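Letter by letter, the chains look like this.
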Amino acid sequence: MIALDEWQERARQWLASLEVEFGRDARAGLSQDEDLAVGRRYMAAKYAAGFSGITIPTEFGGQGLTPLHKVVFDTLEAAAAMPMGYFGVSTAMPLPLLIRYCQDKAWARERVVAALKGEEIWCQLFSEPAAGSDLAGLRTRAEQGDAGWTINGQKLWTTFAQYADYGIMIARSDPAVPKHKGLTFFWVDMKAPGVTVRPFRLANGDIQCNEVFFDDVAVADSQRFGEVGAGFRVAMETLMIERYAASDADGFGPSLAAFIELMRGLDLGGRPLLKDGRVRSAIARNHALRTGLDAIRRRAMLAMEAGMEPGPEGALNKLFSVRSRQKLSELALDLQGAAGLSYTEGGYTKADWGSSWMGAPTMRQAGGADEMLLNTIAEKILGLPQDHRPDKGVPFNAIPA
Amino acid sequence: MSVLHDEAQRAITEETRRVLAARMDLKRQLELLDSVGEWDEAFWQTAVEQGWTALAVPEEYGGLGLGLIELGLVAQEAGRAIAGAPFLTGGHGTVRALLATDDAAARAHWLPRLAAGEIRCAFAMPQGGRAFQADASVTFTEGRLNGTLSGVVGALAADIAVSCVSGETGSALVLFELADVDRRPIASFDNGRLFADLVLADTPATLLAQGEKADAIAMEAIAQMAVLAAHEQVGGAEALMFAARDYALTRKAFGQPIGAFQSVKHRIAELYGLVEIARANCFHAATREGEADFLEAAACARLTATEAYDTAARDAVQIHGGAGVTWDGGLHLHMRRARSLAIELGHALLWEDLLATELTGVMP
């Protein structure tokens, strides 16, 4: 297996060589569809160069390397601002599940390779209008008949479903048992009759999220992942797959160094802002916080390198870094005065304060709202009790709506 | 050096925790609050017996030749136990100052005694808004000190003191014996810290360094002590977080443990975040000893650890409700210690400014 430092150097050089063709400047002014096309080309190049499917076994078209190799590459890739956003969900969770649960291994391999090359895109149909943090409260129904399953219902917040060829989904197969026990997991063909995808615009202008409607959509029993009724457990598995994700102490917003450079040119009544105690305090506090998060990340990396399990404190990064990004972005805009008013949709959140600010609320909700992260820390790490849950142990169809 | 601790370092943590837990005496700690000039001598004896005074002293001076990482781990446990003696920190600052001077005779004379725990040392910093500068109100001329060093931690039971004062050619880093010095005790909220004003009247002192070199050595020693204090703060903050957690698990209201209410459990989860971020900064800073970014790393540790301990003190007491504010419950020991540690090595605004200057190159 390739040594980590050698891997890192190779990745660095390869990414640098692609800057001109795929970097942020090269993509400036592109429509989303054009950008997606560039993204597909990038994914193909990445596959050819041997940086795709880093933790996926080689017999399924991956690299067969460790989570650490993946974290190292993902960190560099994010810093290089490559157009991989459309494929983030697609290549993260669905592929390991396909490999684990799909009986037709040759077909699974075809799908994995096509997804890694960016030729096909998968989406993840989990959240619903009435089921977000409380995922097990979902209402989309899967009814079993002689010829397979019929799906009816609505999903919401499905990222890039408008481009998706396939999706993994969870639906209620038995409403007469408690909510966690009546769910079953499937993959679905997004082009199948009865599937309607409706994109909608987010507050920051992004068109990434979709409503997905299922009207009598037929799904074969061979499309089921895991046992009937084991859907929630399979969904939790998907969330565990990405536990060593690349993290960013800046919360995917601009760096402290960028904030300092912005302040360097500004003044308050003729006095440089960098001399103002309030600005200095914000710089010092945010830097100290982010240095701590960075030290946690580095310690986790070292632990993984040493073959040890990283500590649970890695769970803190999103919670603390995005809040820091949100408030610092507000301050950065405010202190520019009139210059802070201009806003262009679709800016890169790590370079543009307006985009960073507008996108921060999404970050605080996606992939676990702040409140859910705090629950997880309190319950899983500190051993505090769950909240009072009146629906616990109650058959789903007996829970008052 | 790695922020991942090796077996020996983990053993230091475990052994220190075991020893301190066995000797912790809440009743005695509470008694100390009521009297000025008394202190936790038992902790100091333990520190000497366990070799903690020798940990970070080079072997050629009778020490164990370890560094800030190991001493930091001891400090973290001392903070957890609200251990009542300030001399580990002051002693370490003195060791660093002596090692940085050109005065071989002073090193040979004092370092073995500091390592053996035969003498206790106070490191006197200017208080208020000038903590990182030489104390201009105290002069050193013709080998004698005059003026008052205010609010010196450990002063009531220290044998010697080190300070950076105003010398004949700029700053003067000096070491002096306290036997004949007029010590004016300060009745404080944390009397075990032995705070006093040192009134110096023609007090003889040894010059360790002068001018810019004196300032640089003093700043380095203060940063080292700040990293130790930050470890202590993290230990205290973590102890409070667990106290809050344990109380929230057992105390019931409205038919359930109060830890089931999000207003309570989220507050404790937030404390967990503050503690772990501060701890990561502490471990990081301890590995940056001697590097160009050490001051920056020390400031990060200091700022986040102060925030963690202060927030934990506020929130843990609040979560305990009435039980948090009784004398015998003892939580106020942490609340008091959080305050004294926040003041002793320079308050948060000073460290914010220092860090901002390091990062921006712009002075306040």
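Residues numbered from 1 in each chain as written. Chains lettered and ligands numbered in written order. Predicted model: local features only at pLDDT ≥ 70, side-chain atom pairs only at ≥ 80, totals over all residues. Heavy atoms only, no water.

Visitor: Now, about the UniProt feature "domain: Acyl-CoA oxidase/dehydrogenase middle" (unreviewed entry) in chain A: what can you tell me, with residues and values included?
Guide: Mapped onto the present numbering, the UniProt feature "domain: Acyl-CoA oxidase/dehydrogenase middle" (unreviewed entry) falls on residues 123-217 of chain A. In residues 123-217 of chain A, the share of helix is 0% and the share of strand is 48%. The end C-alpha atoms are 17 Å apart. (UniProt positions renumbered as here; feature names shortened; annotations may be inferred. Helix = DSSP H or I, 4+ residues; strand = E, 2+ residues; numbered from the N terminus.)

Visitor: Describe the environment of Ala79(A), naming the residues involved and giving the relevant values.
Guide: Residue and element names in this part refer to chain A. Among the structural elements, Ala79 can be located in helix H4 (residues 67-79). Judged by relative accessible area, which is 63%, Ala79 ranks as exposed. For the pair Ala79 and Met358, spaced 279 residues apart in sequence, the C-alpha to C-alpha distance is 20 Å. (Buried < 20%, exposed > 50% of the residue type's maximum accessible area, 1.4 Å probe, protein only.)

Visitor: Mind laying out the interface of chain B and chain A, listing which residues take part and the relevant values?
Guide: In this assembly, 43 residues from chain B lie in contact with 42 residues from chain A. Counting each side, the surface lost to burial between chain B and chain A is near 3,600 Å², with a carbon and sulfur contribution of 65%. The interface formed by chain B and chain A holds six salt bridges in total. Taken together, the elements giving at least two residues each to the side of chain B that touches chain A come down to helix H7 (212-250), strand S10 (256-257), helix H8 (262-287), helix H9 (294-319) and helix H11 (348-360) of chain B. When residues of the side of chain B that touches chain A are assigned to their parent elements, the largest contribution, 15 residues, is made by H8(B). Grouping the amino acids of the side of chain B that touches chain A by side-chain chemistry returns 24 nonpolar, eleven polar and eight charged. (Contact = heavy atoms within 4.5 Å. Buried area = accessible area lost by both parts, 1.4 Å probe. Salt bridge = Lys/Arg side-chain N within 4 Å of Asp/Glu carboxyl O. Nonpolar A, V, L, I, M, F, W, Y, C, P; charged D, E, K, R; others polar.)

Visitor: How would you explain the packing of aromatic side chains if you had to name every residue and give the values?
Guide: In this structure the tally under the stated criterion is 27 aromatic pairs over all chains. Relative to Phe87(B), the ring of Trp39(B) lies with its centre 5.3 Å away and its plane at 85 degrees, an arrangement referred to as edge-to-face. In this pair, Trp39(B) is assigned in the loop between helix H2 (26-33) and helix H3 (41-49) and Phe87(B) in helix H5 (residues 87-100), connecting sequence segments 48 residues apart. Since its relative accessible area comes to 2%, Phe87(B) is described here as buried. One aromatic cluster is present, formed by Trp7(A), Trp14(A), Phe22(A), Tyr42(A), Phe51(A) and Phe73(A) through successive ring pairs. (Phe/Tyr/Trp six-rings, centres within 6.5 Å; stacked < 30°, edge-to-face > 60°.)

Visitor: Residues and numbers for the nonpolar core, please.
Guide: Membership of the largest hydrophobic core comes to 143 residues, with the highest contact counts inside it found for Leu173(B), Phe176(B) and Leu198(B). Looking at this core, the element that brings in the most residues is H7(B), giving 20 residues. Contact partners of Leu173(B), with chain neighbours within four places excluded, come to Ala97(B), Val162(B), Ser163(B), Cys164(B), Thr206(B), Leu207(B), Leu208(B), Ala209(B), Ala214(B), Ile217(B) and Ala218(B). Among the nonpolar cores identified, the runner-up in size contains 47 residues, and Trp14(A), Val72(A), Met82(A) and Val217(A) belong to it. (Core = buried A, V, L, I, M, F, W, Y, C linked by side-chain atoms within 4.5 Å.)

Visitor: Tell me about the pairing of strand S7 (residues 196-204) of chain B, and name the residues and values.
Guide: With seven bridges connecting them, strand S3 (residues 144-152) of chain B and S7(B) associate as antiparallel partners. Considered in S7(B), the bridge of Leu145(B) is made with Thr203(B). (Pairing = 2+ DSSP bridges.)

Visitor: Please give an account of the domain arrangement of chain B that cites residues and values.
Guide: All names here are of chain B. When the domains of chain B are assigned, the result is domain 1 (7-86 + 101-116), domain 2 (121-214) and domain 3 (216-360). Domain 2 puts 18 residues into the contact, and the matching count from domain 3 is 21 residues. Overall, the association of domain 2 and domain 3 removes approximately 1,700 Å² of surface from exposure, summing both partners, and the carbon and sulfur fraction of that is 66%. Scanning the region where domain 2 abuts domain 3 turns up two salt bridges. With a closest N to O distance of 2.7 Å, Arg337 and Asp190 form a salt bridge. Summed over the shared surface of domain 2 and domain 3, the result is ten residue pairs in polar contact (both at pLDDT 80 or more). Looking at the side of domain 2 that touches domain 3 element by element, the count peaks at three residues for H7. Tallied by class, residues from the side of domain 2 that touches domain 3 come to eleven nonpolar, three polar and four charged. (Domains from an automatic or database assignment. Polar contact = N/O pair within 3.5 Å; in protein donor to acceptor, adjacent residues only side chain to side chain.)

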